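# Notes for the structure review
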Amino acid sequence: MEHPHFKLIGHRLCPYVQRVAMVMGHYAIDHEREDIRLEDKPAWLEKFSSERQVPVLLLDQTRPLTEAAVICDYLDRINGRALYPVDLIESAEHSIWILRAERILSLTADLVYRAHNEHDCDLTLHRIGLILAILNKKFEAAGPFREVGLCMVDMTYATAFRAFPVLVYGLNRDLFAGFEHVRGWSERLLKNDIVRTVVPQTYHGELHHFIASRQSYLAKRLSMLPVPQKPALSASQ
């Protein structure tokens, strides 16, 4: 199947853009990439995304696809649907786990933008912990989602876990405490070449500065802390 010309419009730190970039990396899809500044979005973005959000995948310079899940599903389908199990029930189960990962991303956004005091942070961290506990039990009972190579579940959780070291540093909490199976999975994911190379090497420093410029409790704490020279891969340190 001949693919259209692809252009990915995104942001250097956006987890949803990262997921699309991982799928494109997995399938070695040739594409252009243009990153915008969230604080100064170009006027032309509204032409392709009515909500002026990224990612946008532009097909042949004219037809835009928006929403990371939709874009990833499209890219997976045109390349043989290799990122989900063949069995339809197992595939549906993977979709449920992906929804839980997206819930972690939403709760992380709460920490970055909307949790304005320690109590709000504690409540948000508790909600993240509930999801990690369910995930940890899954690993105890059944092991990894895929023995060899990445699947869509892996890619989605990788985007959530990537920010954890900055959250840990700012809040002085071990998000993986009691969830050693998930901790190990996170460390393996973040060492994967496809996962590792979709963000700049300065990702953690840039994320630190990005969050510190907001108004949340986490932002205020990070604004008082120096950027580590080499953030730990594990979110426990």
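Procedures and definitions
- Residues numbered from 1 in each chain as written.
- Predicted model: local features only at pLDDT ≥ 70, side-chain atom pairs only at ≥ 80, totals over all residues.
- Heavy atoms only, no water.
- Helix = DSSP H or I, 4+ residues; strand = E, 2+ residues; numbered from the N terminus.
- Rg over C-alpha atoms; globule rule 2.2 N^0.38 Å.
- Buried < 20%, exposed > 50% of the residue type's maximum accessible area, 1.4 Å probe, protein only.
- Contact = heavy atoms within 4.5 Å.
- Areas by Shrake-Rupley, 256 points an atom, 1.4 Å probe, with all protein chains shown as cover.
- Lys, Arg positive; Asp, Glu negative; His and termini not counted.
- Charge placed at Lys NZ, Arg CZ, Asp CG, Glu CD.
- Phe/Tyr/Trp six-rings, centres within 6.5 Å; stacked < 30°, edge-to-face > 60°.
- Pairing = 2+ DSSP bridges.

## A look at the overall build of the chain
Summing up its helical and strand segments, the chain has 11 helices and four strands in all. For the chain, the C-alpha radius of gyration of 18 Å lies close to 18 Å, the compact-globule estimate for 237 residues. For the chain, the residues scored as buried account for 48% of the 237 residues in total. Residue pairs in contact within the chain that sit at least 24 positions apart in sequence constitute 70% of those at least 6 positions apart. Carbon and sulfur atoms form 52% of the exposed surface of the chain, whose accessible area is close to 12,200 Å². Each charge class in the chain was averaged separately, 28 positive and 29 negative side chains, and the resulting centres sit 4 Å apart.

## Looking at the environment of Asp76
Within the secondary structure layout, Asp76 lies in helix α3 (residues 68–78). Separated by 84 residues in sequence, Asp76 and Ala160 have C-alpha atoms that sit 20 Å apart. In this view, Asp76 contacts Tyr27, Arg81, Ala82, Leu83, Tyr84 and Met152; residues no more than four positions away in its chain are not counted.

## Concerning the packing of aromatic side chains
Per the stated rule, a full pass over the model turns up 13 aromatic pairs. A ring pair is formed by Trp97 and Phe145, whose centres lie 5.7 Å apart and whose planes are at 75 degrees; its orientation type is edge-to-face. Of the two residues, Trp97 sits in helix α4 (residues 88–114) while Phe145 sits in the loop between α5 (118–142) and α6 (152–162), which places them 48 residues apart along the sequence. Both residues of the pair, Trp97 and Phe145, count as buried. Between Tyr113 and Phe210 the ring centres are 6.5 Å apart and the planes differ by 85 degrees, which places this aromatic pair in the edge-to-face class. With Tyr113 in helix α4 and Phe210 in helix α10 (residues 203–212), the pair connects residues that are 97 residues apart, well separated along the chain. The rings of Trp97, Phe139, Phe145, Tyr157, Phe161, Phe164, Phe176 and Trp185 are connected pair by pair, giving a single aromatic cluster.

## Some words on the pairing of strand β4 (residues 63–66)
Looking at chain direction, strand β3 (residues 56–59) and β4 are connected through four bridges and run antiparallel. Bridged to Leu58 within β4 is Pro64. Connecting β3 to the next strand, β4, in antiparallel fashion are three residues, including Asp60 with a positive phi near 50 degrees.

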